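Listed here are the chains, written in short residue letters.
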Amino acid sequence: MSAGTNVRSMTGYGRGEYIAEKRKFTVEMKSVNYRYLDLSIKLPRSLSGLEDRIKKTIMQKVFRGKTDVYITFESFSADDVEVRLNEELAKAYAEKVRDIQEILGQWEGNMVELVARFPDVITVEKTHEEDDVIWAALQPALETALENFVSMRSLEGENLKNDMLKKADRITALVEEVKTFSPMVVKEYQEKLQNRLKELMGSVDIDPQRIAAEVAILADKGCIDEEIIRLESHLKQLRDILEKGGQVGRKLDFLVQEMNRETNTIASKANDIRIAKATIELKSEIEKIREQIQNLE
């Protein structure tokens, strides 16, 4: 499944190795949720010249998440290092040791062995090699790690997508319940109003137009048709975005905020226990989707 057609989680892990010319390169990648792309690359100082190439390669396929990359390599050849002697430093150390010997008296230790142990007298340095040569060996390890990393993110993302689609189906069913209850609320209010007026006024005739006017006022105040239509539209967009795939996290985050807004409006408008119960469950399901969206790239 290509990167542009699936939904990906921001949580993932990938590892890659490549052995070339007596060297083994190892790349490990791991990431957690983060609003933007926060890329941290830890690599040996001798590979620092390749950091920009490494970043550009990763950023072609990773767009969000706090991502840590660890790069190491092992050498199986002595040709990769050069042992150097700092002669001037060794002479300076030896001279000071002799000065100490004169001050403290006879000393029977091995002067050469002692001086050789002092810092920076003998150093081991990696031999210089062209970045292009090293990159040719590092790149396959990086590509393998990146492929495994993206694959894991995609697998988890698809699982999240399927679960969100199930929750969207439940929300759709709840919206249908609200649609069913909405006209019943107005009708039941009309009956209650008529019965109440009869109790208060006894045998006095009640003006049907007055009752109709009262019912119309309630119907206007409690009308939730627009909110229902917008909720249904948001649900369709949610499904479309998930099916299209790609970088969906920010789009869905905004969409779910709008769904929550419409649900709150329905709850405040509709003076009915059944609708109130349905909106409580609606908000619960929307919140579950919102939490899962926080994991998406």
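Everything here concerns the structure above.
As the structure is a prediction and not an experimental result, all values here were calculated from the model. (Residues numbered from 1 in each chain as written. Predicted model: local features only at pLDDT ≥ 70, side-chain atom pairs only at ≥ 80, totals over all residues. Heavy atoms only, no water.)

A. Region of interest: helix α1 (residues 51–59). Along α1, the residues that are buried comprise I54, T57 and I58. Seen end-on, α1 carries its buried residues on one side only, within an arc spanning 95°. (Buried < 20%, exposed > 50% of the residue type's maximum accessible area, 1.4 Å probe, protein only. Helix = DSSP H or I, 4+ residues; strand = E, 2+ residues; numbered from the N terminus. Arc of directions from axis to C-beta.)

B. Main features of the side chain of R153. Topologically, R153 is positioned in helix α4 (residues 131–201). Take R153: its relative accessible area is 1%, and that puts it in the buried class. A distance of 3.0 Å separates the side chain of R153 from the backbone oxygen of M10, its partner in a polar contact. Those residues in contact with R153 that sit more than four places away from it in its chain are V7, R8, S9, M10, T11, G12, S31, V62, R64, G65, T67 and E297. (Polar contact = N/O pair within 3.5 Å; in protein donor to acceptor, adjacent residues only side chain to side chain. Contact = heavy atoms within 4.5 Å.)

C. Spotlight on the pairing of strand β2 (residues 23–32). For β2, the tally of buried residues reaches seven of ten residues, placing the bulk of the element in the interior. Bridge analysis of strand β1 (residues 12–20) against β2 gives nine bridges, and the strand direction is antiparallel. Pairing of R15 across the sheet is with E28, part of β2. Joining the antiparallel neighbours β1 and β2 is a turn of two residues, in which E21 adopts a positive phi near 50°. In terms of strand pairing, β2 meets strand β4 (residues 65–75) through ten bridges, oriented antiparallel. (Pairing = 2+ DSSP bridges.)

None of the figures reported here should be taken as evidence of function without further support.
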